Amino acid sequence: MSTATQPLQQHADLLVVGGTVITPNGAETADIASRDGRIVAIGSLRHRWTARSTIEAQGLHILPGVIDSQVHFREPGLTYKEDLEAGTRGAVLGGVTAVFEMPNTNPLTLGQADLQAKLDAAKDRSWCDYAFYIGGSGVNAGQLERLEALPGCAGVKVFMGSSFGDLLADDDTVLRRILRHGRRRLAVHAEDEARLRQRKSIVEASGDVCQHPQWRDVDSALLATKRIVAMAEEAGRRLHVLHISTAEELRYLARHKRRVTVEVTPHHLTLTAPECYQRLGSLAQMNPPVRQQRHQEALWQAIREGIVDVIGSDHAPHTLAEKAQPYPQSPSGMTGVQTLLPVMLDHVHAGRLSLRRLVDLTSAGPARVFGIEGKGRIAVGYDADLTLIDLAAQRTIENRWIASRSGWTPYHGKTITGWPIHTVVRGQAVVRDEQLVGSPSGQAIEFLETPEGPSAPC
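The structure displayed is predicted, hence computed values, not measured ones. (Residues numbered from 1 in each chain as written. Predicted model: local features only at pLDDT ≥ 70, side-chain atom pairs only at ≥ 80, totals over all residues. Heavy atoms only, no water.)

Peer 1: Could you give an account of the overall build of the protein, with specific residues and numbers?
Peer 2: Looking only at helices and strands, the protein features 14 helices and 17 strands. In terms of overall size, the protein behaves like a compact globule, its C-alpha atoms giving a radius of gyration of 22 Å where 458 residues would be expected to give roughly 23 Å. Viewed in the frame of its principal axes, the protein has a C-alpha envelope of about 90 × 50 × 40 Å. In the protein, which comprises 458 residues, the proportion classed as buried is 61%. Within the protein, residue pairs in contact and separated by at least 24 positions form 73% of the contacts whose partners lie at least 6 positions apart. Put simply, the protein shows about 17100 Å² of open surface, and 48% of that area lies on carbon and sulfur atoms. In the protein, 50 positive and 51 negative side-chain charges are present, and the distance between their average locations comes to 3 Å. (Helix = DSSP H or I, 4+ residues; strand = E, 2+ residues; numbered from the N terminus. Rg over C-alpha atoms; globule rule 2.2 N^0.38 Å. Buried < 20%, exposed > 50% of the residue type's maximum accessible area, 1.4 Å probe, protein only. Contact = heavy atoms within 4.5 Å. Areas by Shrake-Rupley, 256 points an atom, 1.4 Å probe, with all protein chains shown as cover. Lys, Arg positive; Asp, Glu negative; His and termini not counted. Charge placed at Lys NZ, Arg CZ, Asp CG, Glu CD.)

Now the structure itself:
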């Protein structure tokens, strides 16, 4: 009689079984085991592993955790319309497991103490993992190489337009100083501030929000994008241009991809002018603006051609009372972190992009572009960040579902096919069956790059 020893049963903190896993090899039915926050096994595990907790994932697709690399959570200083707890709660309800938060808070995030204050505020209050941008400015340009290397720093963000005070960097001398001090990829909001000021009289005279794309026209975006790309090439600095919105910018950027990566947003891919302004008024008001159909078509073509590297939400909430102010006094910005994945899954359902391309834009792409350690793919040794979706589920987005303190979405009433069902952050299920569970346990994101380290591939 054989006395061969049977394999010892292994134990996991979390076992996810029976789902279709999107791995670097493609889609395959597999189970995933995680321990101490990391993936420890992938394969046929159900009968060989025990676990403290199990998620039955039959009928679901398992994606690497979605990374939203552009959110404005308004803390400190503006917490009446958003804060870190509510913003990250919305993130995980929408299937997002990590966020990069922007520096235009009050006070601005310009120094080490500002960054540390945000890290302290996020501890034990964030439902997902997080990192914070330092603002690039004339007042801190010489310190940016040190600041960008601090733990928890997502990098440096520059506002060439649409900002104020020390955070506005529209002067070429200041921009060149910023570009010279640091080696990590620089994120930029590229609108030409001088042109915006010259053209504001167009909308001040009319008060018509439908003219938002005429005020902040194609040239205001293209001029700034060309300027910063040329200066980055001169400085040998890698660049990440945020929320690209025009066909003209994409034609230009397609010729400058060696050092430049490109972000687009769900609202630019989904809403079009003038219809969205006629229907939503200032709720559709964003900077840069939602534009006409030809620009949206160019964005989709750029996704198909591989010009676009990342999708970020640019979640930037304001209260309904603020939005109700007469245009152009009404502020630009809308919620987006919670609806990023549902809206993009609806585009997958419509055949505009594949699920694997969506994973590249929302998981692998951000990890590659920013040098994120241990995230962006489902593989042994990586963080157990998982977004479990039902591609066939139909839901209608409603304001009451939105966790943001502002309490609204421009997609209210929109029926979606494809929906996040469970969200796992570092091996802990924080959303099960679309309901929040557990407690906030997000941690600061770690990055592969330091100013002394090697450059990551574009």
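On we go from here.
Peer 1: Can you tell me about the pattern of salt bridges, naming the residues and giving the values?
Peer 2: This model, assessed by the stated rule, comprises 29 salt bridges. Arg199 serves as the salt-bridge partner of Asp217, at 3.5 Å between the closest nitrogen and oxygen. Of this pair, Asp217 sits in the loop between helix H6 (212-215) and helix H7 (218-235) while Arg199 sits in helix H5 (residues 193-206), placing them 18 residues apart in sequence. Taking relative accessible area as the criterion, Asp217 reaches 11% and is therefore assigned buried. Taking the relative accessible area as the measure of exposure, Arg199 reaches 21% and is therefore partly exposed. Overlapping salt bridges bring together Asp129, Lys375, Asp383, Asp385 and Arg426 as one network. (Salt bridge = Lys/Arg side-chain N within 4 Å of Asp/Glu carboxyl O.)

Peer 1: Break down the pairing of strand E12 (residues 260-264) for me, citing the residues and quoting the values.
Peer 2: Most of E12 sits inside the fold, with 5 of its 5 residues counted as buried. Residues Val260, Val262 and Val264 of E12 are buried on one face, and the alternating residues Thr261 and Glu263, pointing to the opposite face, are buried as well. Note that the unit made of strand E11 (residues 239-241), helix H8 (residues 247-253) and E12 has a crossover that is right-handed. The pairing of E12 with strand E13 (residues 310-311) spans 2 bridges and is parallel. Bridge pairing links Glu263 to Val310 in E13. (Right-handed = clockwise from strand over helix to strand, strands pointing away. Pairing = 2+ DSSP bridges.)

Peer 1: Talk me through the pairing of strand E8 (residues 129-135); I want residue IDs and the actual numbers.
Peer 2: Buried residues dominate E8, accounting for 7 of its 7 residues. Both faces of E8 are covered, namely the face carrying Asp129, Ala131, Tyr133 and Gly135 and the face carrying Tyr130, Phe132 and Ile134. The pairing of strand E7 (residues 96-101) with E8 spans 4 bridges and is parallel. Paired with Phe100 across the two strands is Ala131, which belongs to E8. In this structure, E8 lies alongside strand E9 (residues 153-159), joined through 4 bridges in parallel fashion. Its bridge partner lying in E9, Gly135 is registered against Lys157.

Peer 1: Give me the nonpolar core: which residues, what numbers.
Peer 2: In globular proteins that are soluble, nonpolar side chains generally tend to be buried together. Ranked by size, the top nonpolar core spans 76 residues in total, and within it Val99, Val158, Ile228 and Leu239 carry the most contacts. Among the elements that make up this core, the one with the highest residue count is H7 (6 residues). In contact with Leu239, not counting residues within four places along its chain, are Arg185, Leu186, Val188, Ile228, Val229, Ala232, Arg259, Val260 and Thr261. Formed by 39 residues, the second largest nonpolar core is a distinct cluster that contains Ala57, Leu280, Ile397 and Val424. (Core = buried A, V, L, I, M, F, W, Y, C linked by side-chain atoms within 4.5 Å.)

Geometric values such as these leave the question of function open.
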